[in-house]
Each structure stands twice: as C-alpha cells, then as structure tokens.
There are 2 protein chains.
Amino acid sequence: MTHVSERSGAGSSQTGAGGDRQPWTTGTGSPVRRRAASYLDAGVSIEAGDRAVELLKSKVKQTRRPEVMGDLGGFAGLFRLDTKKYRNPILASSTDGVGTKLVIAQQLDIHDTVGIDLVAMVVDDLVACGAEPLFLLDYIATGEVVPDKVAEIGAGIADGCRYAGCALLGGETAEHPGVLRPDEYDISATGVGVVEESEILSSERVEVGDVVIAMRASGLHSNGFSLVRHVLLGAGRMRLDVVIEDFGRQRTLGEELLTPTKIYAQDCLKLIAEAEVRVFAHVTGGGIPGNLVRVLPEHVDAVVNRSTWKPQPIFDLVQSKGRIEAPEMEATFNMGVGMFAVVSAEDADRALATLTGRGVDAWQAGEIVEGTGNVQLVGQHTRG
Amino acid sequence: MTHVSERSGAGSSQTGAGGDRQPWTTGTGSPVRRRAASYLDAGVSIEAGDRAVELLKSKVKQTRRPEVMGDLGGFAGLFRLDTKKYRNPILASSTDGVGTKLVIAQQLDIHDTVGIDLVAMVVDDLVACGAEPLFLLDYIATGEVVPDKVAEIGAGIADGCRYAGCALLGGETAEHPGVLRPDEYDISATGVGVVEESEILSSERVEVGDVVIAMRASGLHSNGFSLVRHVLLGAGRMRLDVVIEDFGRQRTLGEELLTPTKIYAQDCLKLIAEAEVRVFAHVTGGGIPGNLVRVLPEHVDAVVNRSTWKPQPIFDLVQSKGRIEAPEMEATFNMGVGMFAVVSAEDADRALATLTGRGVDAWQAGEIVEGTGNVQLVGQHTRG
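The rules behind these values
Residues numbered from 1 in each chain as written. Chains lettered and ligands numbered in written order. Predicted model: local features only at pLDDT ≥ 70, side-chain atom pairs only at ≥ 80, totals over all residues. Heavy atoms only, no water. UniProt positions renumbered as here; feature names shortened; annotations may be inferred. Helix = DSSP H or I, 4+ residues; strand = E, 2+ residues; numbered from the N terminus. Buried < 20%, exposed > 50% of the residue type's maximum accessible area, 1.4 Å probe, protein only. Contact = heavy atoms within 4.5 Å. Areas by Shrake-Rupley, 256 points an atom, 1.4 Å probe, with all protein chains shown as cover. Axes fitted to C-alpha atoms, helices over the stretch in contact; angles between N-to-C directions. Left-handed = near helix turned anticlockwise from the far one by under 90°. Nonpolar A, V, L, I, M, F, W, Y, C, P; charged D, E, K, R; others polar. Buried area = accessible area lost by both parts, 1.4 Å probe. Salt bridge = Lys/Arg side-chain N within 4 Å of Asp/Glu carboxyl O. Polar contact = N/O pair within 3.5 Å; in protein donor to acceptor, adjacent residues only side chain to side chain. Pairing = 2+ DSSP bridges. Least-squares fit on C-alpha atoms with pLDDT ≥ 70 in both. Phe/Tyr/Trp six-rings, centres within 6.5 Å; stacked < 30°, edge-to-face > 60°. Arc of directions from axis to C-beta. Parallel < 35°, antiparallel > 145°, perpendicular 65-115°, else oblique.

- Under an unreviewed UniProt entry, chain A has the name Phosphoribosylformylglycinamidine cyclo-ligase and belongs to Salinispora arenicola.
- Its UniProt record gives chain A a comment under Subcellular location (unreviewed entry), which states: "Cytoplasm".

Following this line, the structure appears as structure tokens:
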C-alpha cells in the first residue's frame, strides 16, 4: 500500500496554494517536485484538466465552513472551535465504512454516490448524540489510484459533507497494489462533532409517554449488502440492469441498490432546536430493534407499530427472493426507517411539522411505555 | 464488507457495560441479542476468554484520559474538551494508514506492533502543528475477522495511543470477504488534537539563524515499504528470517523491517514547553527534503548536513541491493531521522538536553539560512 496522498486543510480557501511553493533541492543541485500536501495534489490534481478534478475542487470548496483554517500547519487539518457557543463543549467522534455496497458501485462503475453513504454512516451517529457535525476526514484504499475515480469518490464525500453541513477537512488515499485489485476500493471516514454537555442526548432523558417518530429511509441505506448481494445477485441470479418497480417509478435494480443513504443530520439538528428531543436512534446494522434498544433506559419499552408504514418494495424483494424470516429481516435491514426520534408527547405534532416542512417523510410510529428496556415491534406493515 | 463492530466510548470505564442490557424482543416474542456498541463487543469479546482479548481490554483501559466520557451517547465516542486550558482552541485532525509494512506483519504473523506504526503516522502529524493529541479512532478492514488477530492489532493501536498520551476513543472493524483474503487486513486511523491558536507552529515562525535538530528514527518507520519489499524480498530474494547486523545487534531482517515507528508526540510536546520551537517536520513519505520543505517560509533555506549522522544499516542494505540513487533514497526514506525540530539558536542546547534527557537520540543537524524556501542536503553521511 503505497502512500499516495495526504490531504489536509481541504476545506480551506488556500487549498492547492502549496503547489506554487519552491521545489526543494538535494545536495546534487537537482530540483525535485515538492511533495504534495493538500487534498487536490498528488494522485489527483497532478492529472489536472479533467472535469472530474474540477468537479471535486468545487465540491470540496462547497463544504468549507468559516472555522476551517488555512494550510498553516500543513501536516494536519485545522478547525477553530467556537467556544463562545459552548460552556462545556463535548467532542463526539465516530468512524465508519460503507460495507459491500461498494461492490455494487464498482460493478456499476458509478463512484460519485458512495461518498454520500459514507458521510451518512458517520455524521448521523454524531447527531444521534445531539452533536453538530463539524468536520470529516476520509480514507480511500484502492488497488490502483485512477485520478478520475478517486475524484469521483471524493466528490461524493464532499456532497455528503455539504448535505450534513460539515467541512471535508482532509483525508488520505492509499494505493494497495497486489492486495486490492486495480478496480477495487474501500472507503472509511471519521467525523468530529460538538455538543454542549448538558444537551447530550442519552437514554436517561427518555420517559414513559414519549412519542417515537420515524423518518423514512431512502432505501436499503448502507447495511445488509452482503446478504442482499447473496440473495439477489448470487442465488437469485438477478442482473443489476433489470428494471424493477418502486412505488410506480421504473428503475433498474442497480439504481435501487445504489440509492444514496439519506443524511438526517441537518434535520435532526433542526428538530433539537424546535422540539424536546429525548434521543435519536440511527438505524444501521442491527436494524430497528437493534438500534432503538440502545437508547432505552431499563424501565421502559419502546412500542413500534409496523402498521404505521410500508417498507419500500426492495425489502419485499430481498425477503421473498431469499425466503428470509421476518425477524432476520428486521435485525439486518432498516425496513424503511433510517432514523428515529423520541420526543416528548406534547412536542410530537411540532416535531412532525418541523420534519415535514423540511421534506422529511416522518410519522408517529410508536410510543414509550413502562417496560424493561426492550423494543416491541407490533402489528403488520401495510401492504396497500 | 460486512459491518462487524462499531466501537465507541472505548476508553471509558463503562466499556462493555452495555453487554449487560436487556435483549430486545420482536413482535414474535423471541428475544434477540442486543447489538454490541462498545469496543470489545461483537466480533471480539463475544469470543471472550482468550488472552488476546483480555490483553486488549487492559490495553485500551490504559489509554483512558479523564476527558473520555462514559457510554452515554452510544453512537459516538465522547470527549470533554478542557476549555479552561485554551482561549482559542484549534482542533487539529489527521488521517493516515501504515502502507505495505502491513504485508511484512502478515508474512511474519506478528500483528501487535503495526498499530504502533499507525498511531505514529497520525499523532506525529498532529504534534507537528503544535497540537496535543487528544484521541484517536481506528478502522480495521479484513478478509475475515479472527478475534485473536483483531485483538492483537487493537492492542498495538492501544499501545501507540498510550505512548502518545491520547485516548483510543473508538473504531470500526469491517469484514471484506471476497475482497481481502482472510489473512489480509488494512488499518487506518484518525487522530484529533488541540492547540491554542497563537501557538500553532507554522513556517511563519522560522527565522534565519534557527537551528535544525534531528531526532533519530527507530528504522524505516512506515514509508517506502513497496520499494523495500521489491528490492529485498522480490528482486533481492532475501528471506525475512535471515540474520542481519544492526549496530552490533544480531536480528532477523523481519525484525528489522517490522521495528515499530518511533512516536515523538510526548517528546515534542515537552520540547514546546521547554524551548522556543519554531516548527516540527514529521519525516514520512517524501523523506527529509520533501517534509522539511513544507515548513520553510520562502525567504529561507534549511541546510541539513548529512555528516552529522549515520543512517542505520538497513538503509545501506536497501540502497545497495536495489542500486538506488541517493536522491531517490532521500526522497523515499527517512534515512534515520524521523522528526526535525527547528528551534531558536539560543534554545538549541536546552532543546537537545530536553530530548536527550527523555532518551531521544537528538543532535544538531543543520541551520536555517537566507534562501528561497529550499532544503539543501550537504555533506556525506559518516561511514564509521
């Protein structure tokens, strides 16, 4: 794995300025190219001129926040923390990857959306604690650095950061010849957010009588893809270009599978500002029960009524093709809900109005009752 | 790439406490295991009882800092920023990997040291800006999660964090069956540090007359391994168990190549406290000239005199076996210097005494002169 490029100060207005610096010379007097230090140098912008790189440049710039500092230090990205906004600032940090959804992207040769999935996985874990995502750094490992492709992946990451309101502060691209195939890559990212200590969302806030609000997923999001690939593409022998019906829209299976993960960060932050949010549960690996249970205190249960929504057709397809039992489906997939908010009963209507006003498909899916820290999934999904 | 485990609040005293929580139940009434949320759960401690896991547990605990908060949020690691120590705190963040040094570890089946390399690559980029490393999150991608091996890798990362004084706050282990072979893995990490704005180290501080202090590397560190592997193990057909001589010590080539990267973070922080440090240059990919040039203003040159030190024998071995020209060696390898500090002339002796007192092999390697932002490597290495 050759170290290809280290990118820092990415969101800075000074990005790329380092490229104009003097080259260093060795004792022999021969000048050698200065090592690239910024996001868009080595391995990417050296092959400048192509549109993918220009796209990436403008997209990274769009993630810039005023707190991002110029390329001062050089070895790391720098971000000014606005201490006036916090009495006791708590930093929240999370690392995640995208999983085998990447294989779908590689099969379709579409690389500019998995970055959105990556950012979603990371920042919505931050906001689940009540933290505002501040910045993100990415790591791309690939068998062979193809500048266009790396730029496309990076553009998707920048898109995701923009949707989440966080700066793309830096990253690393590593070449793994002989380990990954030239057309293979893996991506991961780490996000950092901040939350006032007294406003950390935790299970301690949850009370009997609270309302469970569901926010619709855009599709499978980024979990369960090993099972999906096995069921649909392996045993099921389906092709990615087969046309399927999704709520009346004609689209290919590939398009459906690659649908970017919905990023809820900005919606959740708005919700915190507008309503009494007890906790969020980000529905990722483990599904609805596996994630909702993480935010319950031991004296309550969460009752979630399946009849309040209809999972997207893709979930039916996976279940029927794979003959998967309902509990396994629910322990693996989001079943159409990407994020839950537990809010006070009196703020439920306002919370729903806030989300709906932002274009989020949200509804009351259940409530908090006396219990023993369990999630009760009741009823049956509507089939209409 | 199956999502295997998400680890947050790793350094917390409450790590693993979540495992005692109630299981959730589905509508069918069948209880299902609660999804693991902490560092030592799923994929690692589920296979509890083995010593590797116990080792990891105790090692992660050793990285705990008082600012690490318990498993409150669950979805992210939480770290209290001590705002009393800073007027204008600037967060510094860096992501890096280890490169093909990992292949050596995999060939030797030794997995508990590459984590030290990983932490070194990340935290010494933070301290290069003057930032104190606060916490780190890791990402491990592997073809097959073998709990012992993941625990060994994690133990090395925890060791590195302890040497650097930063908390191992969380991480992610991802399984990539079919992409990576079962015995292959890649690791990366992101570190976050903090520095007072007025104390950010940057090229603006460097003045003519400043002294360049070199700190000895422990060996090759973590750069140039693709070339090393090609030259020694590929074309050179050397075996990792061949015994070589390194300053009188008998050791195998494998031991030499796998020598963990020296972590300078605590030494550098001490140096900042004791002497007028202008900048640090962390010598990684690009070698001495490629990294030192990054911290020079345009009106000075750095003159580094090779005669002030002797590179370790491993560098001679690589150069002679590969018939590599000196400039390429110097643009690829650290040549025995892992970190430079540029300090004021009047503080040079104190700086050297501080480093020597901490057991760091440090010496005056050069000086800052009028120039044009170049690095001048002069003289020849001692051969004695």
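Focus: the overall build of chain A
Here is step 1: If you tally the helices and strands in chain A, you get eleven helices and 16 strands.
Here is step 2: When the 384 residues of chain A are sorted by exposure, 64% land in the buried category.
Here is step 3: Restricting the contact set of chain A to residue pairs at least 6 apart, pairs at least 24 apart contribute 84%.
Here is step 4: A total of about 13,200 Å² of accessible surface is found on chain A, and carbon and sulfur atoms cover 47% of it.

Things to note about the packing of helix α7 (residues 265–274) of chain A against helix α11 (residues 348–357) of chain A
Residue and element names in this part refer to chain A.
Here is step 1: Remark: α7 packs on α11, axes separated minimally by 10 Å, with the N-to-C direction vectors making an angle of 145°. In the packing of α7 onto α11, the handedness of the crossing is right-handed. Residue-level inspection shows Asp 267, Lys 270, Leu 271 and Glu 274 of α7 in contact with α11, the latter providing Arg 350, Ala 351, Thr 354 and Leu 355.
Here is step 2: Of the residues in the contact of α7 with α11, the class split is three nonpolar, one polar and four charged.

Some details on the interface of chain A and chain B
Accessible area lost on assembly of the parts is the figure often given for the size of an interface.
Here is step 1: With 93 residues of chain A in contact, the opposing surface of chain B contributes 93 residues.
Here is step 2: When the two sides are added together, the surface that chain A and chain B hide from each other amounts to roughly 7,500 Å², 58% of it contributed by carbon and sulfur.
Here is step 3: Here B:Arg80 and A:Glu197 are joined by a salt bridge, their closest N and O atoms 2.5 Å apart.
Here is step 4: For the pair chain A and chain B, the interface holds 13 residue pairs in polar contact (both at pLDDT 80 or more).
Here is step 5: For the side of chain A that touches chain B, the leading source of residues is strand β5 (residues 89–97) of chain A, giving nine residues.
Here is step 6: Split by residue class, the side of chain A that touches chain B holds 42 nonpolar, 34 polar and 17 charged.
Here is step 7: Judged from the four bridges that link them, strand β4 (residues 77–80) of chain A and strand β5 (residues 89–97) of chain B form a sheet pairing that is antiparallel. Of the residues in β5(B), the one forming a bridge with A:Arg80 is B:Ile90.

Description of the relation of the copies chain A and chain B
Here is step 1: For the pair chain A and chain B, the relating rotation is 180°, the translation along its axis is 0.0 Å, and the fit reaches an RMSD of 0.0 Å. The superposition operator between the copies reduces to a two-fold rotation axis.

A word on the pattern of salt bridges
Here is step 1: A complete count under the given rule lists 42 salt bridges over all chains for this structure.
Here is step 2: In this structure, the salt-bridge partner of A:Arg181 is A:Asp183, at a minimum N-O distance of 3.5 Å.
Here is step 3: The class of A:Arg181 is partly exposed, set by a relative accessible area of 48%.
Here is step 4: The shortest N-O distance in the salt bridge between B:Asp361 and B:Arg216 comes to 3.0 Å. With B:Asp361 in the loop between α11 (348–357) and β15 (362–370) and B:Arg216 in strand β9 (residues 211–216), this pair connects stretches of sequence that are 145 residues apart.
Here is step 5: A relative accessible area of 43% means that B:Asp361 is categorised as partly exposed.

Description of unusual backbone geometry
Glycine aside, residues mostly have negative phi, and peptide bonds are mostly found in the trans state.
Here is step 1: Of note, A:Asp109 is a non-glycine position whose phi angle comes to about 55°, a positive value.
Here is step 2: Note on placement: A:Asp109 falls in the loop between α2 (101–108) and α3 (114–127).

Some thoughts on the packing of aromatic side chains
Residues and elements named next belong to chain B.
Here is step 1: For the structure on display, the rule yields six aromatic pairs over all chains.
Here is step 2: Here the aromatic rings of Phe 79 and Phe 135 are separated by 5.1 Å at their centres, their planes lie at 45°, and the arrangement is tilted. Of the two residues, Phe 79 is situated in strand β4 (residues 77–80) and Phe 135 in strand β6 (residues 132–142); the sequence distance between them amounts to 56 residues. Here the two residues Phe 79 and Phe 135 agree in accessibility, since each one is buried.
Here is step 3: Ring centres of Trp 309 and Trp 363 lie 5.9 Å apart, and the angle between their planes is 40°; this geometry places the pair in the tilted category. Of this pair, Trp 309 sits in the loop between β13 (300–305) and α9 (313–322) while Trp 363 sits in strand β15; the two residues are 54 residues apart in sequence, bridging distant segments of the chain. Side by side, Trp 309 and Trp 363 carry an identical accessibility label, which is buried.

Quick notes on α9(B)
All names here are of chain B.
Here is step 1: Those residues of α9 lying buried are Ile 314, Phe 315 and Val 318. For α9, the buried positions fall inside an angular range of 105° around the axis, keeping them on one side.
Here is step 2: Looking at the buried side of α9, the elements it contacts are α5 (225–235), α6 (253–258) and α10 (326–332).
Here is step 3: Positioned one or two residues after α9, Arg 323 has a phi angle of 50°, which is positive.

Here we look at the side chain of B:His221
Residue and element names in this part refer to chain B.
Here is step 1: Here His 221 shows up in the loop between β9 and α5.
Here is step 2: A polar contact is formed between the side chain of His 221 and the backbone nitrogen of Ser 218, at a distance of 3.0 Å.
Here is step 3: Look past the residues within four positions of His 221 in its chain and what remains in contact with it is Lys 101, Asp 117, Thr 261, Lys 262, Tyr 264, Asn 334 and Gly 338.

Let's talk about the packing of helix α5 (residues 225–235) of chain A against helix α9 (residues 313–322) of chain A
All names here are of chain A.
Here is step 1: Put simply, α5 and α9 touch, their axes get as near as 9 Å, and they point 65° apart. Between α5 and α9, the angle falls in the class roughly perpendicular. Taken as a pair, α5 and α9 cross one another with a handedness that is left-handed. Across the interface between the two elements, Val 228, Val 231 and Leu 232 of α5 pack against Ile 314, Leu 317, Val 318, Lys 321 and Gly 322 of α9.
Here is step 2: Looking at the contact of α5 with α9 residue by residue, the class counts come to six nonpolar, one polar and one charged.

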